[in-house]
Amino acid sequence: MIKNYLKTAWRSLWKNKSFSLLNILGLSVGIAATGLLFLWVQKELSIDREYTYADRLYQVYNRDLNQGAPYTFSSTPNPMGPVLKTDYPEIEDVTRTSENSFFIANGERRFKTDGMFVDEGFISMFGFPVIAGDKSGNLKTPGDIFITESFARKLYGSEDAMGRMLTLNDTNVLKVAAVLKDPLPTTRFQFEFLLPWAAYDKLFGPYTSWTGNNVKTYILLKKQADPDVVADKIKHITAAHTAQDNSTRNLTQFLHPARLWHLYSKSENGQLTDGAISKVRIFMAVGILMVVIACINFVNLTTARTERKAREVGVRKVAGARRYGLILQFISESLLLSLLSGIIAILLLLLLLPSFNRLFDTALELDVSSGGIWIFFTAIILLSGVGAGLYPAFYLSSFAPARVLKGRLTIARGKISLRKVLVVTQFSFAIALIICTLIIKKQMNYAQQREMGYNKDQLLFSPVEGMAIKNYQMIRQELLQSGAVVSVTGSQNPVTGFSPRYFGFHWEGSTENDESTSFHLFNADGSFTQTFGTRIIAGRDIDVQRFPTDSTAVLLNEEAVKLLHLKDPVGKKIGRTDDLHLHIVGVVKNYISGSPYSRIEPVMILGPNPDFGISTLHYKLNPARPVPSTIAQIGSIFKKYNPGYPFEYTFADQDYAKKFASEQNLSSLIGLFSALSIFIACLGLLGLAAYMAETRYKEIGIRKVLGASVSGILLLLARDFVKPVFIAALIASPVAWWIMTRWLQGYDYRTAIGWTAFAIAGGLVFLIAVVTIISQTLKAAVSNPSKALRSE
């Protein structure tokens, strides 16, 4: 029986090749697009969930008030980790982490690579497999280092790395104590080496302050421990160790579970409510829409052939076929078509994945050995096959054979029909996706055109490391004397990055509540305004050469002045609980110090200060010289004073452009699937228009004999399809407006939605639909009417 159904289904598909091809093409593109989104969502949902004890792992977060508004941050005090481990019996283990980049060398083989300082429990807590060395993974000896398998090959080739010696920044000799498997791409911890926390204390000193938040702290709870109880116990741990410090009185701690680290990482009103989860939801919704659009396509194309199918149903019923047999026959045909589409979709995925990964800078893989992949494709083939075939099967099998065979079958052509509803639904999805794409692009362009407050053109920065730390002043002086640059300034962080946030300040007229107000600190050893092109609006720049007391000078941006409530800030004093005493010498225009989508943060620009070291050198290139030769000259100066390190530099404008990468990827992805949805929808229109022209061929001939023009016939034929597209635009617009309004609320600096995106999306889809319809109906409209009426 099943074999007979499949044979009949195949004959039916083969008999109607053009419709079958349109159906298969639309469904395969829809399934392939959904498969891409499934792979992306699967990757996002697996991040930080594959640890051995993932259900008992938590990260300690802080919650505080800034200007009365709650906010959260993930960095914690250095001494918190050991106290959590010794004083709280519910906690099984604790590890701190601090990410760093170092030059690690084995003789002539030198690599600048990323690694972490960790406590000895790190390996066992997160379950990183040890290939060679101590299987327990206890990393505690200051002179030991753990390296990954791939990094071991870089350093030693095929030789055994265990017990070998290597150097860290040319000064520290370390012994390879273990080799680890490379971290999976689904973990937040991406490193090539691990160093013990004892080495951190040796290199940077044992930092014991509870007011400085500079490390990440993770805990592993015991099996019986209640995380809510533990969170309540540690809630005031920092405040308890800083009882005399008013700046920490509102500071509390809470636990963030491992399964939510990646999905919920963005703070909003003191809660971690957003992050990758928003993209996961968007792409899951788009994936479902792609399959729905493809299934709608199938239903439309199948029911379009109602009159031809009806006669087949009539003959079959007269020959003794029962209704349930006809239903099974039509569903078999639908499943066969879905199966063929699924096979083509898998081939498309394998073919297009490399290009997709390059285009969107991702690393998706179609692992054919994974059971989850086959479950997904089997489910989507069955759901699309049965779901898309169910309505045509019940609808077509319901025709009365007597009426059909007498030619009395009447197909409903009222103002509202299921086919029109499906066309409206299909194009509503497509138009909504296009509107969302255009608004995302508008938001990105809006932020890119935002006034930065500094001039990023011809501005470069380089790390200060190795011998450059010792020779910093000589490098700075020679750069200025060479004429390759017009100004130089050193700082702790790049101007395009995030400066550390500090609180606990007091000033003339400040209150205890003001001590919880935080400021971003950016240090500069001179020529701040000249190098960055910021504008002084009051006072002067920091200049230690002319004013020796400027070692304690500070510049404020406009936002910081606003928070200080000082009418005339120049000359006023600012202090901090750790004996940091500053005097204000000038005020600069606001500039973007973090995300271009965020509000302007209050910034203090400090002069040379021993508490804030120089790790980044900024320099403005001489515009009168060619850039390549200028960079080569700067490189030779760095090489002269820091021969063991390669000259590395970053253009500020390129680094700033990276801040838009996330929105750019989101816009490109939704744009891609918008185009695919339009393609699938237009395949359906193509088939519907072709079939309509075929079934109304004689009507067209009669109209032409009676004097109808080609344009009039085209308008007549297009009218039934253009109206649903217009209605789809009316439905899609408020839905897209609501979705984008909610999305934009995640940005402090955001564009107005406006009407342009809606007009462009609706007009574009309308134009594509009209071109598609005309391309199929023009042949019928210009044909010789005598051919159509020859048999009459």
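Fair warning: this is a prediction, and the values are worked out from it, not measured in the lab.

Procedures and definitions
Each chain has its residues counted from 1, running along the sequence as written. pLDDT decides what is reported in this predicted model: residues at 70 or higher carry local features, side-chain atom pairs at 80 or more are listed and counted, and totals for whole chains, interfaces and linings draw on all residues regardless. Side-chain figures throughout are based on the complete set of non-hydrogen atoms in the structure, without hydrogens or water. Secondary structure elements follow DSSP: runs of H or I of four or more residues count as helices, runs of E of two or more count as strands, with numbering from the N terminus. Each residue's exposure class comes from its accessible area (1.4 Å probe, protein chains only) as a fraction of the maximum for that residue type: buried when under 20%, exposed when over 50%, partly exposed otherwise. By definition in these notes, contact holds between two residues if any of their heavy atoms fall within 4.5 Å. Only the protein chains shown count as cover for residues, and the accessible areas themselves come from Shrake-Rupley with a 1.4 Å probe. In this scheme Phe, Tyr and Trp rings, the latter by its six-membered ring, pair at centre separations within 6.5 Å, and the angle between planes marks the pair as stacked below 30 degrees, edge-to-face above 60, and tilted otherwise. When the NZ atom of lysine or the CZ atom of arginine is within 6 Å of a ring's centre and also within 35 degrees of its normal, the charge is said to sit over that ring. We call two strands paired when DSSP finds no fewer than two bridges between them. Starting at the helix axis, one direction is taken to each C-beta atom, and the arc is that of these directions. Any Lys or Arg side-chain nitrogen found within 4 Å of a carboxyl oxygen on Asp or Glu counts as a salt bridge. Here, nonpolar core refers to any group of buried Ala, Val, Leu, Ile, Met, Phe, Trp, Tyr and Cys residues whose side-chain atoms link them within 4.5 Å. Here, patches come from residues exposed beyond 30% relative accessible area and free of salt bridges, joined within 9 Å for like charges and within 5 Å for nonpolar side chains (Val, Leu, Ile, Met, Phe, Trp, Tyr).

## Regarding the overall build of the chain
Argument step 1. Helix and strand content of the chain: 25 helices and 26 strands.
Argument step 2. Of all 792 residues assigned to the chain, the portion counted as buried reaches 51%.
Argument step 3. A sequence separation of at least 24 residues applies to 79% of the contacts in the chain between residues at least 6 apart.
Argument step 4. Surface summary for the chain: the accessible area is close to 36,700 Å², and the carbon and sulfur share equals 58%.

## A look at the packing of aromatic side chains
Argument step 1. Tallied over the full model, the rule gives 44 aromatic pairs.
Argument step 2. Aromatic pair W197 and Y200: ring centres 4.5 Å apart, planes at 20°, arrangement stacked. On the criterion of helical spacing, the pair formed by W197 and Y200 is a turn pair, its members being 3 residues apart in helix α6 (residues 197-204).
Argument step 3. W197 gets classed as buried once you look at its relative accessible area, which sits at 4%.
Argument step 4. Here the basic side chain of R110 rests over the ring of Y645, its NZ or CZ set 5.5 Å away from the ring centre.
Argument step 5. Looking at R540, its charged tip hangs above the ring of F547, at a distance of 3.8 Å from the centre.

## Side note on the side chain of E465
Argument step 1. Tracing the chain through its elements places E465 in the loop between β15 (459-463) and α15 (467-470).
Argument step 2. Note on E465: relative accessible area 14%, which makes it buried.
Argument step 3. Here E465 is in contact with F103, K112, N642, Y645 and E648, once residues within four sequence places are set aside.

## Observations regarding the environment of A199
Argument step 1. The topology assignment puts A199 in helix α6.
Argument step 2. For A199, a relative accessible area of 8% gives the class buried.
Argument step 3. Once the C-alpha coordinates of A199 and F117 are considered, the two residues, 82 residues apart in sequence, prove to be 7.6 Å apart.

## Thoughts on the pairing of strand β8 (residues 165-168)
Argument step 1. Across the two faces of β8 the burial differs, with L166 and L168 buried and M165 and T167 not buried at all.
Argument step 2. Summarising the sheet, β8 and strand β9 (residues 172-180) pair through 4 bridges and their orientation is antiparallel. The residue of β9 that forms the bridge with T167 is V173.
Argument step 3. Counting the residues in the hairpin turn of β8 and β9 gives 3 residues, including N169, whose phi is positive at 55°.

## Looking at the side chain of E44
Argument step 1. Examined against the element boundaries, E44 turns out to sit in helix α2 (residues 17-46).
Argument step 2. If sequence neighbours within four positions are ignored, E44 has contacts with H262, L263, A276 and V280.

## Structural notes on helix α16 (residues 472-482)
Argument step 1. Every buried residue of α16 is listed here: Y472, I475, R476, L479 and S482. Angularly, the buried residues of α16 cover 135° about the axis, an arc narrow enough to put them on a single face. Across α16 from its buried face, at more than 90 degrees, point the exposed residues Q473 and Q481.
Argument step 2. For α16, the secondary structure elements touched by its buried residues are α15, β16 (485-491), β25 (616-621) and α19 (627-641).
Argument step 3. Downstream of α16 by a residue or two, G483 has a phi angle that is positive, lying close to 80°.

## Looking at the pattern of salt bridges
Argument step 1. In the structure shown here, the tally under the stated rule is 16 salt bridges.
Argument step 2. A salt bridge links D119 to R96; the shortest N-O distance between them is 2.8 Å. One end of the pair, D119, is in the loop between β5 (109-118) and α4 (122-126); the other, R96, is in strand β4 (residues 91-106), with 23 residues separating them in the sequence.
Argument step 3. Classification of D119 by relative accessible area gives buried; the value is 15%.

## Side note on the nonpolar core
Argument step 1. Counting residues in hydrophobic clusters, the biggest one holds 102 residues, and the most contacted among them are F377 and I605.
Argument step 2. The dominant element in this core, judged by the number of residues it contributes, is helix α14 (residues 418-448), at 14 residues.
Argument step 3. If you look at the next biggest cluster of nonpolar residues, it comprises 23 residues, including L57, F146, Y218 and A258.

## Observations concerning a nonpolar patch on the surface
Argument step 1. On the surface, a nonpolar cluster with roughly 880 Å² of combined accessible area is contributed by F726, I727, L730, I731, V735, W737, W738, I739 and F766.
Argument step 2. Ranked by residues supplied to the nonpolar patch, first place goes to helix α23 (residues 710-744) with 8 residues.
Argument step 3. Secondary-structure assignment places W738 in helix α23.

## Some points on unusual backbone geometry
Argument step 1. In this structure, D48 is a non-glycine residue whose phi angle is positive, near 60°.
Argument step 2. When you line up the elements, D48 lands in the loop between α2 and β1 (57-66).
Argument step 3. At H565, a position not held by glycine, the phi torsion is positive, near 60°.
Argument step 4. Tracing the backbone through its elements, the reader meets H565 in the loop between α18 (558-564) and β22 (573-576).

## Overview of the pairing of strand β11 (residues 213-221)
Argument step 1. Taken together, the 3 bridges between β1 and β11 define a ladder with antiparallel strand orientation. Residue pairing across strands places Y58 opposite I219, the latter belonging to β11.
Argument step 2. Bridging between strand β3 (residues 76-77) and β11 involves 2 bridges; their strand directions are antiparallel. Residue pairing across strands places T76 opposite V215, the latter belonging to β11.
Argument step 3. Relative to β11, β4 is paired through 6 bridges, and the arrangement is antiparallel. Within the sheet, the bridge partner assigned to V94 lies in β11 and is I219.

## Section: the environment of F612
Argument step 1. Assignment of secondary structure puts F612 in the loop between β24 (603-606) and β25.
Argument step 2. A relative accessible area of 8% means that F612 is categorised as buried.
Argument step 3. In this structure the C-alpha to C-alpha distance between F612 and S491, which are 121 residues apart in sequence, comes to 8.1 Å.
Argument step 4. Look past the residues within four positions of F612 in its chain and what remains in contact with it is Q492, Y502, L521, N523 and L606.

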